[in-house]
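# Coordinates in review
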Amino acid sequence: MTYAAGVGVTLAVVVILVWWLMGAALRGSLETTLRTRADGVLTSLENQGQAGLQETEREAPGVFVVLFSKSGSLTDATANMPEGIQPSSGSQTIAGRDYLVLVQAAPDGTIVLAGADLRSVADTQEALARILIGVGLLAGVAAFFGGWLLAGRALRPIGRLVDDASTIGPGDLDRRLSPPRRLDEIGRLTLTLNAMLDRIADAAGRQRLFVAMASHELRAPLAALRAQLDDVDREDVGIGEYRVALREAQVDAIRLGDLATSLLELAAAQDDGRAVARSLVDLRELVSAVSRGLAPLARQRGVSLDLGVPEADVWVDRIRIEHAIGNLVSNAITHGGGPATVEVRCRIDGPSSTQVLAVDVLDRGPGIGTGSVEELFEPFRRGAVPHGPGSGLGLATVAATVKAHRGQFGAENRAGGGARFWFVVPAGGE
């Protein structure tokens, strides 16, 4: 309806404008004719000195000429002069008819009036109006139906797109929109939506896998706890069995707590977790805090920590970066292969506004194996010792933290044995 109204208004404006311009052109042409006629009569009066019209001047179809004396009395006129004409220029209405009048004065005071009936102009405008209205109506109908057909053809792919999209539910994430026939705007929109569905399906698949693996990890300590409680749920159980069951239950409870903490850290480190809260952090103090927190584990494993950290301030999310470095160092201590040294190396690269923080954690353990490096940073992956201690969430938390900081991470085997885990994050000032 809006399109039809717009077309109608446009055609109406065009019709009125053409009609008005034609009328103005016809009146202008008529005025030129009257001026030429009056000039001719004035020339005859001046050159021949006569007081009236010549015979040739009385024969001018459609134009009448009237002579008035200086006092305003009528002295001569052509036969087609309307009764009651006045010696004044402009439009005059006499007996219901409109006339265009042009008045000029001779040097002796004689007034020459040339006029013409405007009926011919009005008839021409009426005929033109009928033609324009007819053409306008035809053009309007053609434009309306043409626009309706073109709009329907243009919107038909969108209709199919909407129908396809409405059938895709949470359980149909493997379905995609029908491939486009042409790579126009609708085609590019379809490809973009299909790419978005791919990302959603991938995220949903990862989420289902994460939940399944988390459930599996939780099931083992919970089953062990239940078995231990069932074992001591007897009347003949001695105090020694109670103590053994209590120690084993404590170990399982600690494992459950560590797993829950790792899951919470991973959820917070994800891109869709809490926002990155950058602040100015003393890098050496941050790494020292990590070292102090892991000192008991290092002593238990016979591992010494070698810190190489410059004195520098960096703009990072302290909690996330502290967890990331802590997870890398804890992973190196746990899988370092017995008494050894775990090296932590930090450096600052680039100018202050675009500087980056680079962190390397090096150990002399069994290395990362021959598998894909990307798989190491996925949840519940344990690298070269797949059944070792830990929940397999530490490196996944590191990856999520670095991604949230828009940085990079990786791992590689060291020459002579061991592994190098690293990440680089922007740490420039705001």
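I will try to describe carefully the structure that is included in this document. All values reported here derive from a predicted model rather than from experimental measurement.

Definitions and limits used
Residues numbered from 1 in each chain as written. Predicted model: local features only at pLDDT ≥ 70, side-chain atom pairs only at ≥ 80, totals over all residues. Heavy atoms only, no water. Helix = DSSP H or I, 4+ residues; strand = E, 2+ residues; numbered from the N terminus. Expected span 1.5 Å × (residues − 1). Bend = angle between axes of the 7 residues up to and from the residue. Buried < 20%, exposed > 50% of the residue type's maximum accessible area, 1.4 Å probe, protein only. Polar contact = N/O pair within 3.5 Å; in protein donor to acceptor, adjacent residues only side chain to side chain. Pairing = 2+ DSSP bridges. Axes fitted to C-alpha atoms, helices over the stretch in contact; angles between N-to-C directions. Phe/Tyr/Trp six-rings, centres within 6.5 Å; stacked < 30°, edge-to-face > 60°. Contact = heavy atoms within 4.5 Å.

Here the focus is helix α5 (residues 283–301). Since the α-helix packs 3.6 residues into each turn, any two residues three or four apart lie on the same face. In this model, α5 (19 residues) spans 26 Å end to end at C-alpha, consistent with the 27 Å of a helix rising 1.5 Å per residue. Of all the bends in α5, the greatest reaches close to 50° and is centred on Leu-294; the proline Pro-296 follows between one and four positions later. By the burial criterion, the buried members of α5 are Leu-283, Leu-286, Val-287, Ala-289, Val-290, Ser-291, Leu-294 and Ala-298. By the N-cap criterion, in which a side-chain oxygen at the helix start approaches the backbone nitrogen of a residue two or three places on, α5 is capped by Asp-282, the distance to Arg-284 being 3.1 Å. Just downstream of α5 lies Gly-302, where phi reads positive at about 70°.

One open sheet accounts for five strands, arranged β2-β1-β5-β4-β3; its pairing is antiparallel. Edge positions in the sheet fall to β2 (74–77) and β3 (90–94), since each of these pairs with one other strand and no more. With strand direction ignored, the average angle separating the axes of adjacent strands in the sheet is 30°. Relative to strand β4 (residues 97–105), β3 is paired through five bridges, and the arrangement is antiparallel. The residue of β4 that forms the bridge with Ser-91 is Leu-100.

Let us now look at the packing of aromatic side chains. One pass over the structure, following the stated rule, counts one aromatic pair. Ring plane angle 75° and centroid distance 6.0 Å describe the contact between Phe-64 and Tyr-99, whose orientation is recorded as edge-to-face. With Phe-64 in strand β1 (residues 63–68) and Tyr-99 in strand β4, the pair connects residues that are 35 residues apart, well separated along the chain. Just as Phe-64 is buried, Tyr-99 falls in that class too.

Moving on to the sheet that holds strand β7 (residues 303–308). Strand order in the open sheet formed by five strands is β7-β9-β10-β12-β11, and the pairing between neighbours is mixed. At either end of the open sheet lies a strand with only one pairing partner, and these are β7 and β11 (408–413). Between one strand and the next, the sheet's axes are offset by a mean angle of 15°, whatever the strand orientation. Here six bridges tie β11 to strand β12 (residues 419–426), and the two strands are oriented antiparallel to one another. If you follow Phe-409 over to β12, its bridge partner there is Phe-423. Taken strand by strand, α5 contacts β7, β9 (340–349) and β10 (356–362), and its axis lies near 170° from that of β7. Against the sheet, helix α8 (residues 394–404) makes contact with β11 and β12, and its axis sits at roughly 25° relative to β12, the strand it touches most.

Worth remembering: the numbers are spatial, not functional.
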